[in-house]
Structures are given as C-alpha cells and as structure tokens.
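The primary structure of each chain is shown beneath.
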Amino acid sequence: MLKHNRYILTILILLFVTPQVESQLLKRQKKSGVQLSIRDNKAAPHIDIQTLTLDENINVPIVESPLSHRKIREYMAEQEKTLQKLKQYGVSQVELQRLGEVIKLTIPVDKLFYPNDTTLYNKVDLLLRPIARYGEEIGMYHILIVVHSDNTGSIEYNLNLTTQRAEQLHRKLKQLGLKTEEVVLYGMGGEEPLTDNHTMEKRKKNRRVEIYLVPGEEMIKLSLRGRLEVK
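Below you will find a few notes about this structure.

**Quick notes on the pairing of strand 4 (residues 102–108)**
Okay, step 1: Strand 4 sits mainly inside the fold: six of its seven residues count as buried.
Okay, step 2: Bridge analysis of strand 3 (residues 93–97) against strand 4 gives five bridges, and the strand direction is antiparallel. Looking at strand 4, one finds that L96 is bridged to I103.
Okay, step 3: The antiparallel hairpin formed by strand 3 and strand 4 contains four residues in its connecting segment, where R98 sits at a positive phi of about 50°.
Okay, step 4: With six bridges joining them, strand 4 and strand 7 (residues 208–215) adopt antiparallel strand pairing.

**Focus on the side chain of N57**
Okay, step 1: With respect to the element layout, N57 can be found in helix 2 (residues 54–58).
Okay, step 2: Within the structure, N57 has its side chain in polar contact with the backbone oxygen of I49 (distance 2.9 Å).
Okay, step 3: Setting aside residues up to four positions removed in sequence, N57 forms contacts with I49, L52, L144, V184, Y186 and V214.

**Some details on helix 7 (residues 217–224)**
Okay, step 1: Here helix 7 has its buried residues at M219, I220, L222 and S223. The buried residues of helix 7 occupy an angular sector of 160° when projected down its axis, which confines them to one face.
Okay, step 2: Two residues or fewer past helix 7, G226 is found with a positive phi of approximately 75°.

Cut-offs used in this document
Residues numbered from 1 in each chain as written. Predicted model: local features only at pLDDT ≥ 70, side-chain atom pairs only at ≥ 80, totals over all residues. Heavy atoms only, no water. Buried < 20%, exposed > 50% of the residue type's maximum accessible area, 1.4 Å probe, protein only. Helix = DSSP H or I, 4+ residues; strand = E, 2+ residues; numbered from the N terminus. Pairing = 2+ DSSP bridges. Polar contact = N/O pair within 3.5 Å; in protein donor to acceptor, adjacent residues only side chain to side chain. Contact = heavy atoms within 4.5 Å. Arc of directions from axis to C-beta.

Written as structure tokens, this is what we have:
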C-alpha cells in the first residue's frame, strides 16, 4: 500500500507540480535576457560572466530541468541552514532567492572594514573563512561580491571606495582558500540604498556587503546525474 501511494504521489507531481515549475523557470529565463543553460549533461555555450550585470548573473546559469531544480533547491536549503550560523560573527541576513536556488548573505560594512577605508578588521577571518570554502571546488558556484555605500561623499568617491572594498574582499577570500575564478565583483557606490540616508542609523543600514552563491555549471551537471549530495 505504501509503495502504491508513493507511486500515485510521483505521478501527481509529474502531472501538476512539474509544469508549474517549468513555467516559473521559463519566466525567469525570459526575464534575465541571458540564454545560458545546461541540460541533459551538455555544456551551455560559454559566456563571460564578467560582462554581465548583477541581475543577469543572479539568474544564470539557467536550471532548465525541474528535477534538477528540485535537487539544487534541496541542496541549497541545507547550505543556507549552515550559513545561518555566521550571524554570530556579524552576518545580518542569510536568505534563499531565485526559487530557492541562490543564497544571498548580507553583511554590514562596519563588521568588515575600518570607516572610510579599504582595510579589513583583523578578526574577519572567522566570518569569511566559511564563505571562502564555497569557492574551493571549481565550477560549483558563481560567487558575486557586491559592496554598497551610503550617499556621504561624491558619487565618484563612493564608487571607488566600494570597488576597492570588493577587490579587497576577493583577495582575502583567496587567502582563506577560495580557488574558483568564477567570481564577479560589483562596487555599487550609493546607487542602491535600502532606505533613505536621512539618519546615521539609516546610512549604516545602506553600507553593506552582499555575497551571492549561485549554482555553477558543475553543480547543475551533478544534479542532472543524481550525484548532488550534501557533505
């Protein structure tokens, strides 16, 4: 009876849930405007992720297979649980995005850098080393490092400051074990605030680092082969 019920449940998922997931994936692919996908263990046409906008990089590679999407979503959900532990070291938020396929970490700049400087605090290793581990396996992740400022100072100053901070974070992560070259840096200046800059507390909230862990080509291939497992 139990096997029979499982068989019926599988059929229902294929008939009703899978088409809905496919529809969501297709909508996301159209929205990204970038045609980079991996299907049936075949490599997608190469695209230089360094040339893509942040929104485009968050949405590629496309996971076309609904079953692959489910495997990746389950895998990333476990990673998200692990990364929640970094809140004790200063991470303010860990969340899943892109239908559960992408992890976004938000870290207040004040937890990483000296004020108006690109110098990292000495104790950031405790926070950054667990993140660096996600770049140890080549092809498993695309890692996006995004740095924001408040609106204090000129536009040019803030763009330069956030760009240099992103570069410094990348150097530190490599020192801590990051090996992958699939890393894209974005110095955003003060162009994308979370709130207005009218008070000191609000400016502090706008000064932040966002790190995105996006499934890479190797992760998608493993999911298609049924070999994506939580270690």
